[in-house]
Amino acid sequence: MKVNFTSRNVTGLRERLAGRVVLPGQEEYDATRQVWNASHDHRPALIAQPVSAADVQATLRFAGDRGLPVCVRGGGHNHAGYAVADGALMLDLSAMISVRVDPARRVATVGGGATWGTLDQATQAAGLAVTGADVSPVGVGGVTLGGGVGWLHRLLGLSCDNLLAAEIVTADADVLRVSAQEHPELFWALRGGGGNFGAVTAFTFALHPVGPVHAGTVICPMERAADALALYQHLCDTGGDELFLRAMVVTAPPAPFIPEQLRGRPVVILSAAWFGPSGRGESALRELREFGDPAAGLLRPLPYVQLQRMQDASVPRRVRAASLGGFTGPLTAGVIDALVSAAAQPPPMSMVELQPLGGAVARVSPDATAFQYRRAAHCLAFLAAARPDDPGAEQAVWAEKASGSLPAGTILAPIVHIMGRDEPEDHVRAAYGGAAYARLAAVKRAYDPGNMFRFNQNIRPQPQVLSQPA
Ligand SMILES: Cc1cc2nc3c(=O)[nH]c(=O)nc-3n(C[C@H](O)[C@H](O)[C@H](O)COP(=O)(O)OP(=O)(O)OC[C@H]3O[C@@H](n4cnc5c(N)ncnc54)[C@H](O)[C@@H]3O)c2cc1C
């Protein structure tokens, strides 16, 4: 039965929370329910903004007593917009962003609603860092729970590989500390199984010394795309863990760093970061520099925090986004040709993006965490984007057509982080990996049997009912 929440029937919750409760009709309701992907304009039944694990406990008790499903907002940047849902209790963790860094132990503990910008700023003050997203407003929560790639994953492993412990409030409103020693099966599931198991109120990460990096971009016109992608694959094979690369095909914006003759044309942008000894940075990036047209000499030493914010300006605060793609094997000449034709003419604001796995990611056993596709060579994404007031249909069709034109078998499996909303169950199973899915479903049954946390790439708590042969 649908309940309309009003000031009267949330008085008890308001009294128990140090944080806020926002109801439909309140002035801040519309702004609070907004997420990065403007295609997801959902109306939660109420929004709770806790400031502590005790607040989260009280909120989940309230939801449990009323049979309300809960959607969790970390940084609000999920492609499928699962941080918000019609009729749900939206648990908005954006006030839980404190960071504690212990430089001596090289450990940081961060609130469940923090962004990578906040965490990196604090850790870099001590010359330390952990793998995180490549743009600063994205949430630590969503990224880490799904795996977590960024500039540093080839050197340091995924974000989830560096997770030492988490504090989580489960559907029963229990506050658990989870680590390799405490609730180890839940700890395994949190590292790749998404937000299926509860609300994580704090993440504790191992940190590593990360000094200034040698980084930047080179840009070339689409006519040289096949050579650019071949160079990208070659450098991924030979550059070692300290070299991180990303390849993007975009229609070049009229930005100052784009050479004038390339503006408005499809181009390949190769971004690179060298995390090895600074003296070797120049030579490590020589092949890239010599490839041609380095836009205004953009390969240069810069602090990690600046690298991590380098792309912020090109990511709008909100867009209508649709994303497709998945894990791939190495780029053979055949795959490169297919990609070059598929990517040929991205609409404005849209792009094809490739980033390599390998390095430290591949050295972790696939059994160690729920993140399964450690031996894949690349993450490939067709990212369609339009302004919030543009339906974005043309961009979505482009992404669909481009990804659909790749030869069968190019995509090995979908990527949890860039999947859409309400995907068919077989896609969700494939994204987690079949064997891992069964293990994740067992953890889900143990900690969230009623599927309170269902707004995510959802792992069903019930065993699949197979139809009996007649
Ligand atoms: C511009 C952009 C750049 C990106 N860059 C990267 C990148 O470099 N690397 C990468 O790995 N991914 C990247 N992503 C993908 C990103 O990992 C996912 O979109 C992720 O879901 C975003 O997390 P969030 O906390 O911001 O999102 P939200 O929408 O707040 O959360 C997404 C889901 O995660 C779960 N969740 C979040 N926080 C918690 C928590 N504390 N407790 C329990 N559940 C929680 C919930 O199920 C929620 O529905 C990027 C996405 C965008 C839009």
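For the structure given in this document, a descriptive report is provided here.

**Notes on the overall build of the protein**
Phase 1 of the analysis: The number of helices and strands found in the protein is 16 helices and 19 strands.
Phase 2 of the analysis: The C-alpha radius of gyration of the protein comes to 22 Å, within 12% of the 23 Å expected for a compact globule of 470 residues.
Phase 3 of the analysis: If one aligns the C-alpha atoms of the protein with their principal axes, the spans along those axes are about 65 × 55 × 55 Å.
Phase 4 of the analysis: Expressed as a percentage of its 470 residues, the buried residues of the protein come to 57%.
Phase 5 of the analysis: If you take every contact in the protein between residues at least 6 apart in sequence, the share linking residues at least 24 apart comes to 72%.
Phase 6 of the analysis: Counting every atom, the protein has about 19,200 Å² of accessible surface; 54% of that belongs to carbon and sulfur.

**Details of helix α3 (residues 53-65)**
Within an α-helix, residues lying three or four positions from one another point in the same direction, as the helix has 3.6 residues per turn.
Phase 1 of the analysis: Between the first and last C-alpha of α3 there are 18 Å, a value that for 13 residues agrees with the 18 Å anticipated at 1.5 Å per step.
Phase 2 of the analysis: Taken together, the buried positions of α3 are occupied by Ala 53, Asp 55, Val 56, Ala 58, Thr 59, Leu 60, Phe 62 and Ala 63.
Phase 3 of the analysis: Of the residues flanking the end of α3, it is Gly 67, one or two places downstream, whose phi is positive at about 65°.

**Some remarks on the sheet that holds strand β1 (residues 20-22)**
Phase 1 of the analysis: Across the sheet, 4 strands lie side by side as β1-β2-β4-β3; this open sheet has mixed pairing. Every other strand in the sheet has two partners, leaving β1 and β3 (70-73) as the edge strands with one partner each. On average, adjacent strands in this sheet sit at an angle of 20° to one another, irrespective of strand direction.
Phase 2 of the analysis: Against the sheet, α3 contacts β2 (46-49), β3 and β4 (89-92), and its axis sits at roughly 170° relative to β4.

**Quick word on the pattern of salt bridges**
Phase 1 of the analysis: Tallied over the full model, the rule gives 15 salt bridges.
Phase 2 of the analysis: The partner of Asp 102 in a salt bridge is Arg 105, with the nearest N and O atoms 3.5 Å apart.
Phase 3 of the analysis: On the accessibility criterion, Asp 102 (26% relative accessible area) is partly exposed.
Phase 4 of the analysis: Judged by its relative accessible area of 60%, Arg 105 is exposed.

**Side note on the packing of helix α15 (residues 425-432) against helix α16 (residues 434-447)**
Phase 1 of the analysis: Remark: α15 packs on α16, axes separated minimally by 6 Å, with the N-to-C direction vectors making an angle of 100°. One finds that α15 runs roughly perpendicular with respect to α16. Facing Glu 425, Arg 429 and Tyr 432 of α15, the residues of α16 in contact are Gly 434, Ala 436, Tyr 437 and Leu 440.
Phase 2 of the analysis: Taken together, the residues of the contact of α15 with α16 break down into 4 nonpolar, 1 polar and 2 charged.

**Quick word on the nonpolar core**
Phase 1 of the analysis: Grouped together as the largest cluster of nonpolar side chains are 41 residues, with contacts concentrated most on Trp 116, Leu 186, Leu 190, Phe 197 and Phe 205.
Phase 2 of the analysis: No other element matches the 6 residues that α16 contributes to this core.
Phase 3 of the analysis: Listed in part, the 39 residues of the second largest apolar core include Cys 220, Val 335, Ala 342 and Ala 343.

**Quick look at the side chain of Ser 271**
Phase 1 of the analysis: Tracing the backbone through its elements, the reader meets Ser 271 in strand β14 (residues 266-274).
Phase 2 of the analysis: Once residues within four sequence positions are removed from consideration, Ser 271 is found in contact with Trp 151, Gly 216, Thr 217, Phe 244, Leu 245, Arg 246 and Met 248.

**Details of the site of the ligand**
Phase 1 of the analysis: In the vicinity of the ligand, 33 residues are found, and the nearest of them are Gly 74, Gly 76, Asp 134, Gly 139 and Val 149.
Phase 2 of the analysis: Here an oxygen atom of the ligand sits 2.8 Å away from a polar atom, N or O, in the main chain of Gly 139.
Phase 3 of the analysis: Between the ligand and Val 200, the relevant distance is 2.9 Å, taken from a nitrogen atom to a main-chain nitrogen or oxygen of the residue.
Phase 4 of the analysis: Relative to its unbound accessible area of 940 Å², the ligand is 93% covered by the protein chains.
Phase 5 of the analysis: If you list the elements that add at least two residues to the shell around the ligand, you get β3, α5 (140-146) and β10 (199-206).
Phase 6 of the analysis: With 4 residues, the top contributor of residues to the shell around the ligand is α5.
Phase 7 of the analysis: Its residues assigned to classes, the shell around the ligand shows 16 nonpolar, 15 polar and 2 charged.

**Considerations on the sheet that holds β10**
Adjacent strands of a sheet form backbone hydrogen bonds with each other and so pair up, either parallel or antiparallel.
Phase 1 of the analysis: On the basis of which strands lie adjacent, the open sheet formed by 5 strands has the order β5-β6-β10-β8-β9 and antiparallel pairing. Every other strand in the sheet has two partners, leaving β5 (99-102) and β9 (175-179) as the edge strands with one partner each. In this sheet, adjacent strand axes meet at a mean angle of 15° when their direction is disregarded.
Phase 2 of the analysis: Of the pairings in the sheet, the one linking β5 to strand β6 (residues 107-111) comprises 4 bridges and is antiparallel in character. Opposite Arg 100, over in β6, you have Thr 109 as the bridge partner.
Phase 3 of the analysis: Its contacts with the sheet place α3 against β8 (163-169), β9 and β10, and it is angled at close to 45° to β8.

**Topic: helix α14 (residues 393-404)**
Phase 1 of the analysis: End to end, α14 covers 16 Å across 12 residues, agreeing with the expected 16 Å (1.5 Å per residue, within 8%).
Phase 2 of the analysis: The complete set of buried residues in α14 reads Gln 395, Trp 398, Ala 399, Ala 402 and Ser 403. Axial view of α14: buried residues confined to an arc of 110°, hence all on one face. In α14, the exposed positions that point more than 90 degrees away from the buried face belong to Glu 394, Glu 400, Lys 401 and Gly 404.

**Let's talk about unusual backbone geometry**
Phase 1 of the analysis: Positive phi outside glycine occurs at Asp 422, with the angle close to 55°.
Phase 2 of the analysis: Of note, Asp 422 is situated in the loop between β19 (411-413) and α15.
Phase 3 of the analysis: One non-glycine residue, Asn 451, lies in the positive phi region at around 55°.
Phase 4 of the analysis: In this structure, Asn 451 sits in the segment after α16.
Phase 5 of the analysis: You can call Asn 451 buried: its relative accessible area is 11%.

**Considering the state of the cysteines**
Phase 1 of the analysis: Inspection of the entire model under this criterion finds 0 disulfides.
Phase 2 of the analysis: Residue Cys 236 stays outside any disulfide, its sulfur separated by 11 Å from that of Cys 379, the closest cysteine.

**Brief notes about the packing of helix α8 (residues 225-238) against helix α12 (residues 333-342)**
Phase 1 of the analysis: Where α8 meets α12, the closest approach of the two axes is 9 Å, and the angle between their N-to-C directions is 130°. Relative to α12, α8 is oriented oblique. Taken as a pair, α8 and α12 cross one another with a handedness that is right-handed. Taken together, the residues of α12 that come into contact with α8 (itself represented by Ala 225, Ala 226, Leu 229 and Ala 230) are Ile 336, Leu 339 and Val 340.
Phase 2 of the analysis: Among the residues making up the contact of α8 with α12, the classes are represented as 7 nonpolar, no polar and no charged.

The rules behind the values
- Residues numbered from 1 in each chain as written.
- Predicted model: local features only at pLDDT ≥ 70, side-chain atom pairs only at ≥ 80, totals over all residues.
- Heavy atoms only, no water.
- Helix = DSSP H or I, 4+ residues; strand = E, 2+ residues; numbered from the N terminus.
- Rg over C-alpha atoms; globule rule 2.2 N^0.38 Å.
- Buried < 20%, exposed > 50% of the residue type's maximum accessible area, 1.4 Å probe, protein only.
- Contact = heavy atoms within 4.5 Å.
- Areas by Shrake-Rupley, 256 points an atom, 1.4 Å probe, with all protein chains shown as cover.
- Expected span 1.5 Å × (residues − 1).
- Pairing = 2+ DSSP bridges.
- Axes fitted to C-alpha atoms, helices over the stretch in contact; angles between N-to-C directions.
- Salt bridge = Lys/Arg side-chain N within 4 Å of Asp/Glu carboxyl O.
- Parallel < 35°, antiparallel > 145°, perpendicular 65-115°, else oblique.
- Nonpolar A, V, L, I, M, F, W, Y, C, P; charged D, E, K, R; others polar.
- Core = buried A, V, L, I, M, F, W, Y, C linked by side-chain atoms within 4.5 Å.
- Near = heavy atom within 4 Å.
- Polar contact = N/O pair within 3.5 Å; in protein donor to acceptor, adjacent residues only side chain to side chain.
- Arc of directions from axis to C-beta.
- Disulfide = S-S within 2.5 Å.
- Left-handed = near helix turned anticlockwise from the far one by under 90°.

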